[in-house]
Amino acid sequence: VRSSELDCEVLIIGAGPAGTVAAAFLKQRGIDVRIAERHVAPRFVIGESLLPHGLDVLEQAGLLAAVEARGYERKHGAAFFRGEEHCRFDFGEQFSAGFDHAYQVLRSDFDQTLADAVSAQGVSICTGQSVCAVDFDAAGGLHTVSLESAGGLVSKLSCRFVIDASGYGRVLARLLELERPSDLPSRRALFGHFEGEAPPEGIGQGDIWITKHPVGELWSWIIPFGGGRCSVGAVGADVDFESFPEEHDDCLRGILQSAPSTAKRLATAQPVMGARQISGYSKEVSQLHGPGFCLIGNAGPFLDPVFSSGVTLALESARCAASLVADELGGAEVDWEAGLSQPIARGVRAFRSYIDAWYDGRFASLLFSARQDEAIRRKICSILAGYVWDEKNSFATQSKRKLRQLVELARKG
Ligand SMILES: Cc1cc2nc3c(=O)[nH]c(=O)nc-3n(C[C@H](O)[C@H](O)[C@H](O)COP(=O)(O)OP(=O)(O)OC[C@H]3O[C@@H](n4cnc5c(N)ncnc54)[C@H](O)[C@@H]3O)c2cc1C
């Protein structure tokens, strides 16, 4: 079926956090928006630890109340471990004005919560529909999107604008050949869910734990969901996994036992799902926008899991893009570079400096150094809380230079 009439003004590919949040912002502006999602039922998704800045975006999108109502585990900070060394950042002590907490979320539940909330706002979500082709400018300024159902049935709909929020589906990056190799080294993540863990008591109970393991670049996360259930993952270069058993569950267990913090906390915990592996997840694209389309969230660039930046970048790009799309459809001249590409590049650049410093060991030396300046700690805490767009924070705006200065200071001192 080919439709030459407008089916919706904006078609969003994917009902992950980027897609649903973009839809909520567009609906606020009175835009007729539809989401096509290839899956029908909620499913396991990785990316479970949110950052406080993400809550600002959810609040502006009118979605925070729905998230809060789910009673997710509150995350008040991030704790880092290396051998017997330990240090904690409490978001309540950060430099930027903002939320002092975030949430640890089972993504199947979180994504469904956002989808239900935008449906209640009047957004139509077509589930079980996989976008397989887009014909730009097919009919007098309208674009034709081809959707395929699980049974192989193809239908078409026409719209004025396509937002790609397909995450690792990378629909437009593939169709329009926008994929570029990431200059981050290829790494591997092995992860699963456990029950019966022993979290610390008090304010740190919902913290994410990030542990540096004694082999190569290997580090692990523990993301507690409450009630003794948690997400656990290990990340490193391929070679770092070679000294552990090949079988995924045994490998993950072996890595967790190789550091005192994780070994103790998970001593009696048992896996509740088989460990899964993903590699080569860092992605880059040549552009985030073009005539009639843009890319948001993981459909664009993705860096690395270490500072839980993925969902925050996805939400921020959804916010920026939705505002530009609404302006453009309203007839305004829109500067996509200034409104989307540049802010996302700024955020990516800031996170990237800390990610590089994490893997080359500089960040860990700073974390565990005995001399710590309180003002600097507060600024670094804001980066860990996702406030990388705070122009008053020199550790966000000049991240590389500031890290270099700190390392030099630590060396001299
Ligand atoms: C190992 C690892 C750990 C991570 N940990 C964290 C973390 O702790 N915190 C964090 O913030 N981030 C984390 N991330 C990143 C996080 O997973 C992503 O950044 C986040 O899910 C991006 O959201 P999104 O909405 O852009 O994409 P997604 O969540 O991937 O959603 C995309 C949606 O599009 C749908 N879709 C795909 N193709 C099509 C198609 N052809 N047609 C229709 N629909 C389609 C998919 O089914 C999906 O629902 C991690 C990533 C990795 C690899």
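Every chain is numbered on its own, with residues counted from 1 as its sequence reads. Selection of residues for local features in this predicted model requires a pLDDT of at least 70, selection of side-chain atom pairs for listing and counting requires 80 or more, and totals for whole chains, interfaces and linings are taken over all residues. Only heavy atoms go into the side-chain values, all of them from the structure, while hydrogens and water stay out.

Our next topic: the overall build of the chain. Going along the chain from the N terminus, every DSSP run of H or I of four or more residues is numbered as a helix, and every run of E of two or more is numbered as a strand. The number of helices and strands found in the chain is 13 helices and 20 strands. Atoms considered for the radius of gyration are the C-alpha atoms alone. The globule rule reads 2.2 Å times the number of residues to the power 0.38. Rg of the C-alpha trace for the chain: 21 Å, near the compact-globule value of 22 Å for 413 residues, within the 12% margin. Taking the principal axes of its C-alpha atoms as reference, the chain extends roughly 65 × 45 × 40 Å. Taking the contacts inside the chain whose residues are at least 6 apart along the sequence as the reference set, 71% of them involve residues at least 24 apart. The contact criterion used throughout is that any non-hydrogen atoms of two residues lie within 4.5 Å.

On to the pairing of strand β13 (residues 208-212), then. Most of β13 sits inside the fold, with 5 of its 5 residues counted as buried. Neither face of β13 is left uncovered, since the one carrying Ile208, Ile210 and Lys212 and the one carrying Trp209 and Thr211 both have all their residues buried. Strand pairing is assigned whenever DSSP identifies at least 2 bridges connecting the two strands. In this sheet, β13 lies alongside strand β4 (residues 77-82) in parallel orientation, the contact comprising 5 bridges. When the bridges of β13 are listed, Arg82 appears paired with Lys212. Here β13 runs beside strand β14 (residues 219-226); their pairing, made up of 4 bridges, is antiparallel. Note on β14: the bridge partner recorded for Thr211 is Ser220. Think of it in three bands: with a 1.4 Å probe and only protein chains considered, a residue is buried below 20% of the maximum accessible area for its type, exposed above 50%, and partly exposed in between.

A contiguous patch of negative charge on the surface is contributed by Glu328, Glu333, Asp335 and Glu337. Its location among the elements puts Glu333 in the loop between α8 (310-329) and α9 (336-359). You can call Glu333 exposed: its relative accessible area is 81%. A patch consists of residues exposed above 30% relative accessible area that lack any salt bridge, with like charges linked at up to 9 Å and nonpolar side chains (Val, Leu, Ile, Met, Phe, Trp, Tyr) linked at up to 5 Å. Residue-level accessible areas treat just the shown protein chains as cover; the underlying method is Shrake-Rupley with a 1.4 Å probe. What makes a salt bridge here is a side-chain nitrogen of Lys or Arg within 4 Å of a carboxyl oxygen of Asp or Glu, nothing more. The convention is simple: Lys and Arg are positive, Asp and Glu are negative, and His and the chain ends are not counted. Where a charge sits is defined by one atom per residue type, namely NZ (Lys), CZ (Arg), CG (Asp) or CD (Glu).

Close contacts around the ligand come from 36 residues, with Glu37, Ile46, Ser49, Asn298 and Val311 the closest. In the environment of the ligand, an oxygen atom lies 2.6 Å from a nitrogen or oxygen atom belonging to the side chain of Glu37. Polar contact criterion, stated in full: a pair of N or O atoms within 3.5 Å, where within protein one must be able to donate a hydrogen and the other to accept it, and residues adjacent in sequence count only if both atoms are side-chain atoms. Asn298 is positioned such that a nitrogen or oxygen atom in its backbone is 2.8 Å from an oxygen atom of the ligand. For the ligand, whose unbound accessible area comes to 1000 Å², protein coverage reaches 96%. Classification used: nonpolar for Ala, Val, Leu, Ile, Met, Phe, Trp, Tyr, Cys and Pro, charged for Asp, Glu, Lys and Arg, polar for all others including Gly. Of the residues assigned to the shell around the ligand, the class counts are 17 nonpolar, 14 polar and 5 charged. Only heavy atoms are used to decide nearness, and a residue is near a molecule or strand if one of them lies within 4 Å of it.

Our next topic: helix α1 (residues 17-28). Since the α-helix advances by 3.6 residues per turn, residues separated by three or four positions end up pointing in the same direction. Multiplying 1.5 Å by the helix residue count minus one yields the expected span of that helix. Taking 1.5 Å per residue as the helical rise, α1 with its 12 residues ought to reach 16 Å, and the 17 Å between its terminal C-alpha atoms agrees with that figure. Of the positions making up α1, those classed as buried are Pro17, Ala18, Gly19, Thr20, Val21, Ala22, Ala23, Ala24, Phe25 and Leu26. Where α1 is buried, its residues contact β1 (8-13), β2 (33-37), α2 (52-60), α4 (107-120), β10 (154-164) and α8. Two residues or fewer past α1, Gly30 is found with a positive phi of approximately 80°.

The description of two helices packed together rests on the angle between their axes and the distance between the axes. The convention used is that axes are lines fitted to C-alpha atoms, helices contributing only their stretch in contact, and that angles between N-to-C directions extend from 0 to 180 degrees. One can describe the packing of α8 onto α9 by two numbers: an axis separation of 9 Å at closest approach and a directional angle of 175°. Classified by the angle their axes make, α8 and α9 are roughly antiparallel. For the pair α8 and α9, the contacting residues are Leu313, Glu316, Ser317, Cys320, Ala321, Leu324, Val325 and Glu328 in the first and Trp336, Gly339, Leu340, Pro343, Ile344, Gly347, Val348 and Phe351 in the second. Taken together, the residues of the contact of α8 with α9 sort by class into 11 nonpolar, 3 polar and 2 charged. Geometric relationships in this document are graded by angle, where less than 35 degrees denotes roughly parallel, more than 145 denotes roughly antiparallel, 65 to 115 denotes roughly perpendicular, and other angles denote oblique.

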